[in-house]
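Now for the letters of each chain:
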Amino acid sequence: MAERKELKNPGEIRIGVYVCHCGLNIAGSVDCEEVAKYAATLPHVVLAKDNRYTCSDQGQEMIKKDIKEHKLNRVVVASCSPRLHEPTFRKTCEDAGLNKYLFEMANIREQCSWVHLHDRRAATEKAKDLVKMAVAKAALLQPAEEIEVPIIQEALVIGGGVAGIQAALDLADTGYNVYLVEKEPSIGGMMARIDKTFPTMDCSICILAPKMSDVGHHPNIELLSNSEVVDVKGYIGNFNVKVLKKPRYVKSECTACGECSKVCPVIAPNEFDAGLAIRHAIYTPFAQAVPSTYIIDMSRCLNKDGVIVCDKCIKACERQAIDFEMKPETIELKVGTIIVAIGADVFDPSALPNYGYGKYSNVITSLEFERLINAGGPSGGHLIRPSDMQIPQRVAFIQCVGSRSDRNGRLYCSNVCCMNTIKDSLLIKEHWPETEIYVFYVDIRAYGKGFEDLYKRAKKEGVIFIRGLPAEIIEDRKTHNLWLIGENTLQKELYKINVDMVILSVGLEPRKDSEIIQRLLTLSRTQDGFFMEAHPKLRPVDAATGGIFFAGCAEAPKDIKDSVTQASAAAARAGILMAKGKVTVEAITPISYAERCKACGLCTKVCPYNAITLNKELKRIEIIEAACGGCGTCAAECPFDALTQNHFTDEQILAQIDAVTEFDAEKKIVAFCCNWCAYAGADFAGVSRMQYPPNVRIIRTMCSGRVAPKFIERAFARGAAAVLVAGCHPGDCHYINANYQTKRRVERFWEKMEKNGLNKERLQLLWVTAAEGERFASKIQEMQAIVEKVSREEIENAKKVFEKALGGS
Amino acid sequence: MPVRLWRAPLDTQKVKPPKAEIHILKDQCKGCGFCIHFCPKKVLEESEEINARGVHPPKIVDESKCILCSFCTSVCPDFAIFVVEKQCKEGCQT
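Here we summarise the structure given alongside this text.

Conventions and cut-offs
- Residues numbered from 1 in each chain as written.
- Chains lettered and ligands numbered in written order.
- Predicted model: local features only at pLDDT ≥ 70, side-chain atom pairs only at ≥ 80, totals over all residues.
- Core = buried A, V, L, I, M, F, W, Y, C linked by C-beta atoms within 7 Å.
- Buried ≥ 20, exposed ≤ 12 C-beta atoms within 10 Å, placed from the backbone.
- Helix = DSSP H or I, 4+ residues; strand = E, 2+ residues; numbered from the N terminus.
- Contact = placed C-beta atoms within 7 Å.
- Nonpolar A, V, L, I, M, F, W, Y, C, P; charged D, E, K, R; others polar.
- Pairing = 2+ DSSP bridges.
- Axes fitted to C-alpha atoms, helices over the stretch in contact; angles between N-to-C directions.

**Re the nonpolar core**
Residue and element names in this part refer to chain A.
Right, on to step 1. Core analysis: the biggest nonpolar cluster contains 249 residues, and Val17 and Ala78 have the highest contact counts within it.
Right, on to step 2. No other element matches the nine residues that helix α5 (residues 120–139) contributes to this core.
Right, on to step 3. Contact partners of valine 17, with chain neighbours within four places excluded, come to Ala36, Ala39, Val45, Ala48, Val76, Ala78, Val131 and Val135.

Below, the structure is given as structure tokens:
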């Protein structure tokens, strides 16, 4: 099936090269005209031009015209990152009748002009090299045809918070079947717990409850509450999902009359109320819960192991809905798209001993406050302090608890806490105008529509804002009042303020179980731990894995409005895929040469997707292209050159290495970067204008697992000073675990170098995420020192050791 | 939302679980120990005393913990234990 297909490919190779100025983004530090002139001298290049904006309509039209007029059969554009505009130019080529796999890009912006802003000569030389590499690869490009995969027109939404609810409703209204999986007994998530929303002060549950009930009644939505996703297999359009539905022990006949709960003798803190109110072992978390069916908490119930000791609820239930025999079931779903809306956790402030949370009863979190001020909460909407149930006269809010701190909690800003506090302070003022309110903050971030107005209103109402967080809270043992001690950083003076109650404005953090979802769906996460989108600007709701989308706080902390916006966006993106009904898979699958295959089966062992099987009878391998992720680690593993990867063939990569090492190889670093993390990290270094030495030449592979030892050997045999192999952090691999093969291969290579008396420092391995531009830049700095140390002799030695690698591929 | 629950709920007072009055007919007990073993709240334990049948009948450890499930009555082979709800006219203290 995956035998090499030689598509019709006219004999002479005619390459057109376009060097983009990108305004001054590139032309500012690279002499584009000179690069274009240089490109014209390269083999097979029949035309080389420089222009201001190649991605503009005129730029694209020019390429189309040239393809026809000059009979170009390969196109190279030297401009920004292929991660940005490769799809654009591929389309241009296709429009002009050229197979899109005959297009190649040289990244002279993110990885050249932006990182060598002050060295025009070096940047220009590097740009020339990058163009040379691209031209060398382009000459070997082969047209390819993409296979089509049908898409199942059903969707799975994981998480039933406001984001999951919105996404499910939008998809269901479009006409698709949706499975909504929620871990808790009821959907509603965080929004259901909040009293009012900012900046409009709408009652949160009042605007959410209708949506929740829509989900419950929608003919296209199947709600699986009290359930968890336990397994996901498959690929875009064809996911096989296993959902574990835990028993409720109450059948759907339940009318939510509540008679059972009244007679239940067991009392436990209600998680929904942050533990401030009680519930029974048989309960519903809150009045508006969907599904409204009650649930029995078996960890609390007196009936264990099938022995019915207490049958009060059974007797009280007129509908006979209680069934202690219920068993967990595993439901298998087949869906085409998945929306991840698992939300966020709140920070637990007991990690900060100076605030005394968990020790002083009158120190509460903002989530506890929401339940206290809510009419449906334990105090019926009366703000009371837990120590004596009295209404506090003086209240303090402390901001950034667990956010924006490198010592305690998380580095990032949690986005919602500033406005939440302002809203909360106004709520207090509304009910008890005499209350003194202090807000201790670092910065107030009131950036959204209507936010600044609310902030001004709070100040007008007399809320006192003090810059500088308290260093410590001390409790008065008798009165349980609290002393806040700290520095007012605006007035440069110390304060010591006595209040009745302190509310810690806690930040948001990634769900503890997001690791499970990450593993099941092969997603990547940022340093902060939230899920990473395919592109921060242009594909902000897509996961890098096809067919998966993000909504709500799973992607980053955000308020309700942003969550809903993102959920609708995710639903639209999933809808586009499903409406088409099919998707093409990039033609970067393996190519096998049956005549060389010895049926050793090594490739089948390294494939993360089990897409290669060994047919023992026929002594050959079989490739399931639709299941292939396209990492190319099989091609790197094959010891007989019987496998290679479409569009990243051995010949193409070796040609790139040869192009880099043609001149001044002893000063250069050959870097292999995986498309998703390392290459993106290098791009990020460029976007952030981090400057690093210009002697590195990056070769992009889809995964670091594609880097075969023979590539490294070739680089050293051609006299390269150093080689860098860079990929995603172990565990974060875009191709499940392919980078563990990278690690193994590099470690083995180090051993080989040592055995042959070579300095193993010359081969470096780097794990870097797409957000760690700094890490990439500093690695290049570090390697520069290694390059400078490498002697002529050492280079010659390596050349000799790896001599064999110079032979054909 | 795995929030750590460390406080006693604020509305515990609102719920008044029924108070139990446990009656043990000591001399009817044959000491099988079912009531002690099956009590979900561990209200009973074996006493030191010896009854008319020459066995140790159960004794009450903490009556306030009893939640009136009456499972002890159900499992007792000798009808030697029963529980009734305490009728407190002047309001039950604990």
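**Considering the interface of chain B and chain A**
Right, on to step 1. Chain B puts 19 residues into the contact, and the matching count from chain A is 22 residues.
Right, on to step 2. Taken together, the residues that form the side of chain B that touches chain A break down as 15 nonpolar, one polar and three charged.

**Thoughts on the sheet that holds strand β27 (residues 501–506) of chain A**
In any sheet, the strands associate via hydrogen bonds between backbone groups, in a parallel or an antiparallel arrangement.
All names here are of chain A.
Right, on to step 1. Strand order in this open sheet of five strands is β20-β27-β21-β22-β23, and the pairing throughout is parallel. Each edge of the open sheet carries a strand with a single partner, namely β20 (363–365) and β23 (464–467). On average, each strand axis in the sheet is inclined to that of its neighbour by 25°, with strand direction left out of account.
Right, on to step 2. Pairing geometry for strand β22 (residues 436–441) and β23, over four bridges, is parallel. Bridging from a neighbouring strand, tyrosine 441 pairs with arginine 467 of β23.

**Points about unusual backbone geometry**
Residues and elements named next belong to chain A.
Right, on to step 1. For the bond from phenylalanine 198 to proline 199, the omega torsion is -5°, close enough to zero to count as cis.
Right, on to step 2. Counting through the fold element by element, proline 199 comes out in the loop between β8 (196–197) and β9 (202–203).
Right, on to step 3. Note that the residue after valine 290, namely proline 291, is joined by a cis bond; omega there is -5°.
Right, on to step 4. Along the chain, proline 291 turns up in the loop between β15 (282–283) and β16 (295–296).
Right, on to step 5. With phi around 50°, cysteine 22 is a residue other than glycine that occupies positive phi space.
Right, on to step 6. Tracing the backbone shows cysteine 22 in the loop between β1 (15–20) and α1 (32–40).
Right, on to step 7. Phi is positive for tyrosine 249, which is not a glycine, with a value near 65°.

**Looking at the sheet that holds strand β2 (residues 45–51) of chain A**
Residue and element names in this part refer to chain A.
Right, on to step 1. Taken together, the four strands give an open sheet; going across it, the order is β2-β1-β3-β4, and neighbouring strands pair in parallel fashion. Both edges of this open sheet fall to β2 and β4 (103–107), since each of them pairs with a single strand only. The mean inter-strand angle of the sheet, taken between neighbouring strand axes irrespective of direction, is 15°.
Right, on to step 2. Looking at chain direction, β1 and strand β3 (residues 74–79) are connected through five bridges and run parallel. In the strand pairing of β3, tyrosine 18 is matched with valine 77.
Right, on to step 3. Of the strands in this sheet, β1, β2 and β3 are in contact with α1, which crosses β2 at around 175°.
Right, on to step 4. Helix-sheet contacts for α5 involve β1, β2, β3 and β4, and the interaxial angle to β3 is about 160°.

Functional significance is not addressed by these values, which are geometric in nature.
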